[in-house]
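Notes for the structure review
So you can see what is in the structure, the chains are spelled out below.
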Amino acid sequence: MDVIVDDALAAQRNRPPEPVCVILTAAVRQRVVEAADWVHADGAVVEQVQQTQHRRPCAHVEGTQISVVAFAVDQLSEPAEVQLHSGAGGLLVLCPAWMRDLITDAVRSLDAESEPALVAALLALAQQSAHVVERLAEVAQSLDETRAGLRSGTERRDISELRSRLFSLQHFWIVQQRVLAPDEVLAEALSSALLVETR
């Protein structure tokens, strides 16, 4: 699948061959509207999702148009929002700059279909987050194991902050897992799309 990133979108004179993945790290309204049109995403939903500060993952499905708000964790262990909008013309991704290469690598090797691109992007975000959370858990475990007995106030505070961060990330993942559950609207829409393709 062809990938168009940020400024390359402005440089495109003609509409790219479909489907295409457009990744925008700076959510300039004009570019977002143009990219949503290119991938045949629901422009009204894209604009509404873009203007809202999300605290939890969610999915919206309208026919073949799918919009997902998901979260991934960066190297600083902070959850970052990513918006994915899938339509017949491809996939639009609105994300922080650090996710750009991750998403590009995930979708570039795919055949030209938007639903597998959406799944590949979500999987790449989940793997990135799992890696960071595993690293945090290892750090917490090593802090617990390094010293038995009394700890200084600084060490207790570090352990407490790390556990608190892991607990808040766990909350995000539980909600995200519900959004991605097999009996939810997103999984049903993707299953339906894949069944139609195989017929």
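Anyway, here's the lowdown on the structure attached to this text. Just so we're clear, the structure is a prediction, and the values are computed from it rather than from any experiment. (Residues numbered from 1 in each chain as written. Predicted model: local features only at pLDDT ≥ 70, side-chain atom pairs only at ≥ 80, totals over all residues. Heavy atoms only, no water.)

Thoughts on the sheet that holds strand β3 (residues 58–62)
Note the following rule: When DSSP finds two or more bridges between two strands, those strands count as paired. Secondary structure elements are taken from DSSP: a helix is a run of H or I of four residues or more, a strand is a run of E of two residues or more, and numbering for both begins at the N terminus. For every element, the axis is a line fit to its C-alpha atoms; helices are fit only across the contacting stretch, and the angle between N-to-C directions ranges from 0 to 180 degrees. Only heavy atoms enter the contact rule, under which two residues are in contact if any of them lie within 4.5 Å.
Read across the sheet, six strands follow the order β1-β2-β6-β5-β4-β3 without closing on themselves; strand pairing throughout is mixed. Edge strands, defined here as strands with exactly one partner in the open sheet, are β1 (2–5) and β3. Pairs of neighbouring strands in the sheet enclose a mean axial angle of 15 degrees, with direction left out of account. As defined by bridge partners, strand β5 (residues 79–87) adjoins strand β6 (residues 90–94) across five bridges and the pair is classed as antiparallel. By the bridge assignment, S86 is partnered in β6 with L91. Helix α2 (residues 29–38) rests against β1, β2 (20–24) and β6 of the sheet, and its axis sits at about 165 degrees to β2. Relative to the sheet, helix α6 (residues 153–179) contacts β3, β4 (65–73) and β5, its axis offset from that of β4 by approximately 160 degrees.

Comments concerning the pairing of β5
Consecutive residues of a regular strand have side chains that alternate between opposite faces of the sheet. As a reminder of what qualifies: Note on classification: 1.4 Å probe, protein chains only; a residue is buried when its accessible area is under 20% of the maximum for its type, exposed when over 50%, partly exposed between these limits.
Counting buried residues along β5, eight of its nine residues qualify, which places the element largely inside the surrounding structure. Where β4 and β5 come together, eight bridges link them in antiparallel fashion. Bridging from a neighbouring strand, V73 pairs with P79 of β5. Hairpin remark: β5 followed by β6, antiparallel, with two residues in the connecting loop.

Regarding the layout of surface pockets
Heads up, the rule is: Only protein atoms enter the 1 Å grid, on which a cavity is a set of points fitting a 1.4 Å probe that cannot get out and a pocket is an open set with protein on both sides within 12 Å along at least 5 of 7 lines, lining residues being those with an atom within 4 Å of a point. Grid points are joined across faces, edges and corners, and a volume is the space filled by probe spheres set on the points. Here the nonpolar group is Ala, Val, Leu, Ile, Met, Phe, Trp, Tyr, Cys and Pro; Asp, Glu, Lys and Arg are the charged ones; every other residue, Gly included, is treated as polar.
Its volume calculated, the second largest pocket comes out at about 150 Å³. Mapped by element, the contributors of at least two residues to the lining of the second largest pocket are α3 (43–51) and β5. Across the lining of the second largest pocket, the residue classes break down as five nonpolar, four polar and one charged.

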